[in-house]
Amino acid sequence: MDKIYLKGLIEEVLYIWGEPININDLSAIITDADKKQIKIAIDEMVAERKQNQSGLLINNFDGEYQFVTRVKHDKYFSSLVKKTEKKLTSSALETLSIIAYKQPITRAEVDKIRGINSQTTIDNLLDRGLIKENGRLDKIGKPIIYVTTTLFLQYFNISSLEELPEIKELEEEIYED
């Protein structure tokens, strides 16, 4: 398949799909190209859109791709898009950061770090799709293990957990203030 044609198909799928999509799902839709061709094409598209300062970028959220606008252009779209999304509370941010840095982690481990019961906060984060259950520990009571989701990456506009600041950097910022 011609690479330009393939890139056009990928753009159309990303546009219609709306949500992040991975290479496996793309290859199930675009059956005329193999996964390797699709991966090469989408990686080129990501680089081209960044280099050309295109209005629509393609972000890679831990192996899932999605059209996004440039953050610096948000001011132009604020009147077009009404954000009704509630901000995260300090307890939600605290719990979410513990899960992000320590995952996979159980509620009891989160509670121990926070020094308070986190069940309600964890339930809210689950409802928002920022974390998910990722199995159970093979211990007494079979506690649920929690990890962050692709929506977590989107919410904080990062591609992977490796982009999280190191805890040492955060501590330095806190003590400088």
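What you are looking at is a predicted structure, and each value in this text was computed from that prediction instead of being measured.

Participant: Please clarify how the environment of Ile131 should be interpreted in this entry.
Facilitator: Looking at the element boundaries, Ile131 is found in strand 5 (residues 131–136). Looking at Ile131, the relative accessible area reads 2%, which means it is buried. Taking C-alpha positions, Ile131 is 4.2 Å from Thr148, a pair spaced 17 residues apart along the chain.

Participant: Looking at this structure, how should I read the pattern of salt bridges?
Facilitator: For side chains of opposite charge, pairing can occur when their charged atoms come near one another. Enumeration over the complete set of coordinates arrives at eight salt bridges. Ionic pairing is found between Lys142 and Asp138, a salt bridge with its closest N-O pair at 2.7 Å. When its relative accessible area of 69% is taken as the criterion, Asp138 is described as exposed. Connected through salt bridges with shared partners, the residues Lys3, Lys7, Glu44 and Glu48 form a single ionic network.

Participant: How do you make sense of the nonpolar core when you look at a structure like this?
Facilitator: For soluble globular proteins, the rule of thumb is that nonpolar side chains tend to be buried together. One finds Leu88, Leu96, Ile99, Leu125, Ile131, Tyr146 and Phe152 to be the most contacted residues of the largest nonpolar core, which totals 21 residues. Looking at this core, the elements that each hand over two or more residues are strand 2 (56–61), helix 5 (90–102), helix 7 (119–128), strand 6 (144–148) and helix 8 (150–155). At five residues, helix 5 tops the list of elements feeding residues into this core. If we ignore the near neighbours within four places in the chain, the residues touching Leu96 are Leu88, Leu125, Leu130, Ile131, Thr148, Phe152 and Phe156. Counting residues in each nonpolar core, the second largest holds 17 residues, with Leu14, Ile23, Ile38 and Met45 among its members.

Participant: Is there a simple way to think about the side chain of Ser54 in this case?
Facilitator: With respect to the element layout, Ser54 can be found in the loop between helix 3 (35–51) and strand 2. Of the polar contacts made by the side chain of Ser54, one reaches the side chain of Arg49; its length is 3.0 Å. Polar contacts involving the side chain of Ser54 include one to the main-chain carbonyl oxygen of Leu56, which spans 3.2 Å. When residues no more than four places from it in sequence are discounted, the contact partners of Ser54 are Arg49 and Arg70.

The rules behind these values
- Residues numbered from 1 in each chain as written.
- Predicted model: local features only at pLDDT ≥ 70, side-chain atom pairs only at ≥ 80, totals over all residues.
- Heavy atoms only, no water.
- Helix = DSSP H or I, 4+ residues; strand = E, 2+ residues; numbered from the N terminus.
- Buried < 20%, exposed > 50% of the residue type's maximum accessible area, 1.4 Å probe, protein only.
- Salt bridge = Lys/Arg side-chain N within 4 Å of Asp/Glu carboxyl O.
- Core = buried A, V, L, I, M, F, W, Y, C linked by side-chain atoms within 4.5 Å.
- Contact = heavy atoms within 4.5 Å.
- Polar contact = N/O pair within 3.5 Å; in protein donor to acceptor, adjacent residues only side chain to side chain.

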